[in-house]
Amino acid sequence: MKQKPYLSSEEVKKIAAAAEAEASANQWAVSIAIVDDGGHLLWLQRLDGAPAISAQIAPAKANTAALGRRESKVYEDVINQGRVSFLSAPGLSGLLEGGVPVMVDGHCIGAVGVSGVKSTEDAQIARAGIAALG
């Protein structure tokens, strides 16, 4: 039987802490979501001052990145390049930059989604969280 890595509770906390530190260092009020490889929510944190809607958008971005095994920005780019029919893709609602998959040995083991500031900054926070895994 084949085995694959997965996100442990400790790793989820490590990602969350590093993402929060990156957001705080830049004084960015965001929501941070972490999901497993199936897009199921493992962590949701709305920092003080983050817009209420960000708590809905961050998990959607993370879910899209996990299920698609790629950054959610890929889908945003597809739509922006004119393929608006992709908006009807089933099960995907976070088609905005800011969702980043967590990849280990070629396996997607989860994803981080961030919302609340510019999309490039959301992605920066997500990548900072993932980088904490080493």
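Residues numbered from 1 in each chain as written. Predicted model: local features only at pLDDT ≥ 70, side-chain atom pairs only at ≥ 80, totals over all residues. Heavy atoms only, no water.

Chemist: Pulling in residues and values, what's your account of the packing of helix 1 (residues 9-25) against helix 4 (residues 119-131)?
Modeler: Look at helix 1 against helix 4: their axes get within 7 Å of each other, and the N-to-C directions meet at 140°. As the angle between them shows, helix 1 and helix 4 are arranged oblique. Crossing of helix 1 against helix 4: the hand is right-handed. Here helix 1 contributes Ile15, Ala18, Ala19, Glu22 and Ala23 to the contact with helix 4, which in turn contributes Gln124, Ile125, Ala128, Gly129 and Ile130. (Axes fitted to C-alpha atoms, helices over the stretch in contact; angles between N-to-C directions. Helix = DSSP H or I, 4+ residues; strand = E, 2+ residues; numbered from the N terminus. Parallel < 35°, antiparallel > 145°, perpendicular 65-115°, else oblique. Left-handed = near helix turned anticlockwise from the far one by under 90°. Contact = heavy atoms within 4.5 Å.)

Chemist: Could you give me a rundown of the side chain of Glu76, with the residues and numbers involved?
Modeler: By secondary structure assignment, the location of Glu76 is in helix 3 (residues 73-80). One buried charged side chain, Glu76, makes no salt bridge at all; its nearest oppositely charged neighbour is Lys73, positioned 5.9 Å away. Contact partners of Glu76, with chain neighbours within four places excluded, come to Leu95, Leu96 and Glu97. (Buried < 20%, exposed > 50% of the residue type's maximum accessible area, 1.4 Å probe, protein only. Lys, Arg positive; Asp, Glu negative; His and termini not counted. Salt bridge = Lys/Arg side-chain N within 4 Å of Asp/Glu carboxyl O.)

Chemist: Residue-level account of helix 4, with values.
Modeler: For helix 4, which comprises 13 residues, the first-to-last C-alpha distance of 18 Å matches the rise-based estimate of 18 Å (1.5 Å per residue) to within 8%. Those residues of helix 4 not exposed but buried are Glu121, Asp122, Ala123, Ile125, Ala126, Gly129 and Ile130. The inward-facing, buried residues of helix 4 abut helix 1, helix 2 (54-68), strand 3 (99-104) and strand 4 (107-115). (Expected span 1.5 Å × (residues − 1).)

Chemist: Residues and numbers for the environment of Glu20, please.
Modeler: The topology assignment puts Glu20 in helix 1. Given a relative accessible area of 30%, Glu20 falls into the partly exposed group. Distance from Glu20 to Gly129, taken between C-alpha atoms, is 7.8 Å for residues 109 residues apart in sequence. Excluding residues within four positions of it along the chain, Glu20 makes contact with Ile32, Gln45 and Leu47.

Chemist: Summarise the packing of aromatic side chains; cite the residues concerned and give the values.
Modeler: Following the criterion strictly, the structure yields one aromatic pair and no others. With centroids separated by 5.3 Å and ring planes inclined at 10°, the aromatic side chains of Tyr75 and Phe86 adopt a geometry described as stacked. Of this pair, Tyr75 sits in helix 3 while Phe86 sits in the loop between helix 3 and strand 3, placing them 11 residues apart in sequence. Tyr75 gets classed as buried once you look at its relative accessible area, which sits at 8%. A relative accessible area of 18% places Phe86 in the buried class. (Phe/Tyr/Trp six-rings, centres within 6.5 Å; stacked < 30°, edge-to-face > 60°.)

Chemist: Just give me the short version of the side chain of Ser72, but keep the residues and values in it.
Modeler: Following the sequence through the fold, Ser72 ends up in the loop between helix 2 and helix 3. Only 2.5 Å separates the side chain of Ser72 from the backbone oxygen of Leu96, close enough to count as a polar contact. Apart from residues no more than four positions distant in its own chain, Ser72 is found in contact with Lys61, Thr64, Ala65, Gly94, Leu95, Leu96, Glu97, Gly98 and Gly99. (Polar contact = N/O pair within 3.5 Å; in protein donor to acceptor, adjacent residues only side chain to side chain.)

Chemist: Explain unusual backbone geometry residue by residue, including any values.
Modeler: Of all residues except glycine, most have a negative phi; of all peptide bonds, most are trans. Despite not being glycine, Arg69 shows a phi value in the positive range, around 60°. In this structure, Asp105 is a non-glycine residue whose phi angle is positive, near 50°. Checked against the element boundaries, Asp105 lands in the loop between strand 3 and strand 4. Given a relative accessible area of 72%, Asp105 falls into the exposed group.

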